[in-house]
Amino acid sequence: MNPLILLTLGATLLACVLVILGVHAYTAGRAQRSALIERLSETGHPQSPGRRRRFAGIDRRLRRTRFGRRIELKLATTGLDLTPGEFFGYMVLSVAGVWLVASSLLAPFFGPVAGLIGLWAANAFLNWQRTRRTERFIGQLPDLARILANATQAGLALRTAIGMAAEELEAPAGEELARVADRLAVGHSMDDSLGELTERLPSRELVVLVSTLVLSARAGGAIVDSLRNLTVTLEQRKETRREIRTQLSQVTVTAYLVPAIGLGSLLLVDMMMPGALDRMTGAFFGQSAVLVALGLFTLGFLLIRRLSKIDV
């Protein structure tokens, strides 16, 4: 046989083998990447026994976008057992449901308005969960400072004291300190580990505690006396915050009653005069009046919330 033909057949066979090996390596790499993403997802959002994650495909695509990463960061600060895909899926379903309900009960014009309110409510829910978790963490700060002071006085290192506090305290302080202890265990510095904690749960009390720990870890000094004095201060601030929250509870309820009164008025008008909302929103002036009214109710809600916000 012609040597040129043999060389061509050999080169073709070698190219086919390389293509097969390349395809095999590519598929194996994609499988390993998918398994790694799934494992990291489960690590970031520990799931309950027997719980199966929903919207897995949406979650994988959403994590690659900036919007998905923002949702993931917010969910990490709230402590919710949800993936970005699950939250996005539930949000879309809720907005669609609110849209249909508002269109059927009130008028088709109120469907998009209700959808926008639903989107705002989803973001407000995440912010509320974050604030609620931060408040719970602030309430545990006196116990945290006391545990760290006792452990340090007993001769334990600050890293060991943080790990001990993570085991003794309940959530959310226990979970957050466990993250700090894990980062310290793999070689991260005290400044970076505690700095990420203040970014996840921003508060003045936590900033003061973290500053005390960081300065003591850098320069040494009487960390036990500092922590004991800080414990007393945190207890006093805790009582002050509780008193302010109690006194402003009526104002907070008023802020939520203002938009509720507007919605109740619309329902009352539609019950007294069936079809009135359809006729009102069928004209440009009626739609403009409704939008102005909604804007005024929203402005009243924001102003009342702003006036009742007192920084301690």
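Scroll up for the structure.
Fair warning: this is a prediction, and the values are worked out from it, not measured in the lab.

Here the focus is the overall build of the protein chain. Counting its secondary structure elements, the protein chain contains 13 helices and zero strands. For the protein chain, the N- to C-terminal ordering of α and β elements is α-α-α-α-α-α-α-α-α-α-α-α-α. Counting all 312 residues of the protein chain, 32% fall into the buried class. Taking the contacts inside the protein chain whose residues are at least 6 apart along the sequence as the reference set, 66% of them involve residues at least 24 apart. Approximately 19,600 Å² of the protein chain is accessible, and the part contributed by carbon and sulfur atoms is 65%.

It is worth spelling out unusual backbone geometry at this point. The peptide bond linking A171 to P172 adopts the cis configuration, its omega dihedral lying at 5°. The residue P172 is located in the loop between α6 (158-168) and α7 (173-185) in this model.

The next point concerns the packing of aromatic side chains. Scanning the model with the defined rule gives six aromatic pairs in all. When the centroid spacing of 6.2 Å and the interplanar angle of 40° are considered together, the rings of F125 and W128 count as tilted. Within this pair, F125 and its partner W128 are both found in helix α5 (residues 110-153), separated by three residues, close to a single helical turn. Judged by its relative accessible area of 36%, F125 falls in the partly exposed class. Judged by relative accessible area, W128 falls into the partly exposed class, the value being 47%. Three or more aromatic residues link up through ring pairs in this structure, and these residues are W120, Y256 and F301.

Our next topic: a positive patch on the surface. Taken together, the side chains of R30, R33, R60, R61 and R64 make up a positively charged region of the molecular surface. Looking at the positive patch, the elements that each hand over two or more residues are α1 (3-44) and α2 (56-62). Relative to the helices and strands, R30 is located in helix α1.

Right, let's get into the pattern of salt bridges. Applying the stated criterion across every chain yields a total of 10 salt bridges. Where E235 meets R146, a salt bridge forms, and the shortest distance between an N and an O atom there is 3.1 Å. Pair noted here: E235 is in helix α10 (residues 223-247) and R146 is in helix α5, with a separation of 89 residues, a long-range link. For E235, a relative accessible area of 28% corresponds to the partly exposed category.

Another aspect to go through is the packing of α5 against α6. Look at α5 against α6: their axes get within 9 Å of each other, and the N-to-C directions meet at 135°. The angle between the axes of α5 and α6 places the two elements in the oblique class. Handedness of the crossing formed by α5 with α6: right-handed. Where α5 approaches α6, its residues L144, I147, L148 and A151 are matched on the opposing element by A161, I162, M164, A165 and E168.

Let's shift gears to the side chain of S193. Tracing the chain through its elements places S193 in helix α8 (residues 190-200). In this structure S193 touches V180, R183, L184 and H188, once residues within four positions along its chain are discounted.

By secondary structure assignment, the location of R61 is in helix α2. Given a relative accessible area of 58%, R61 falls into the exposed group. Between the alpha carbons of R61 and P84 there is a distance of 10.0 Å; along the sequence they are 23 residues apart.

As a further point, take helix α11 (residues 249-272). Taking 1.5 Å of rise per residue, 24 residues should cover 34 Å, and α11 covers 34 Å from first to last C-alpha, within 8% of that figure. Remark: the principal bend of α11, roughly 25°, maps to L257, with a proline, P259, within the next four residues. Those residues of α11 that are buried are in contact with α4 (84-105), α5, α12 (276-280) and α13 (284-307).

With 33 residues, the main nonpolar core has L141, L144, L148, I162, L194, L209 and L213 as its most contacted residues. Secondary structure elements with two or more residues in this core: α5, α6, α7, α8, α9 (204-219) and α10. For this core, the leading source of residues is α5, giving nine residues. Sequence-distant contacts of I162, defined by excluding residues within four places in its chain, comprise L148, L177, V180, L184 and M190.

Since the α-helix advances by 3.6 residues per turn, residues separated by three or four positions end up pointing in the same direction. With 13 residues, α7 extends 18 Å between its outermost C-alpha atoms, agreeing within 8% with the 18 Å of an ideal straight helix rising 1.5 Å per residue. On its buried side, α7 packs onto α5, α6 and α8. Just beyond α7, the residue with positive phi is G187, at close to 110°.

What counts as what
Residues numbered from 1 in each chain as written. Predicted model: local features only at pLDDT ≥ 70, side-chain atom pairs only at ≥ 80, totals over all residues. Heavy atoms only, no water. Helix = DSSP H or I, 4+ residues; strand = E, 2+ residues; numbered from the N terminus. Buried < 20%, exposed > 50% of the residue type's maximum accessible area, 1.4 Å probe, protein only. Contact = heavy atoms within 4.5 Å. Areas by Shrake-Rupley, 256 points an atom, 1.4 Å probe, with all protein chains shown as cover. Phe/Tyr/Trp six-rings, centres within 6.5 Å; stacked < 30°, edge-to-face > 60°. Patch = residues over 30% accessible without salt bridge, like charges linked within 9 Å, V, L, I, M, F, W, Y side chains within 5 Å. Salt bridge = Lys/Arg side-chain N within 4 Å of Asp/Glu carboxyl O. Lys, Arg positive; Asp, Glu negative; His and termini not counted. Charge placed at Lys NZ, Arg CZ, Asp CG, Glu CD. Axes fitted to C-alpha atoms, helices over the stretch in contact; angles between N-to-C directions. Parallel < 35°, antiparallel > 145°, perpendicular 65-115°, else oblique. Left-handed = near helix turned anticlockwise from the far one by under 90°. Expected span 1.5 Å × (residues − 1). Bend = angle between axes of the 7 residues up to and from the residue. Core = buried A, V, L, I, M, F, W, Y, C linked by side-chain atoms within 4.5 Å.

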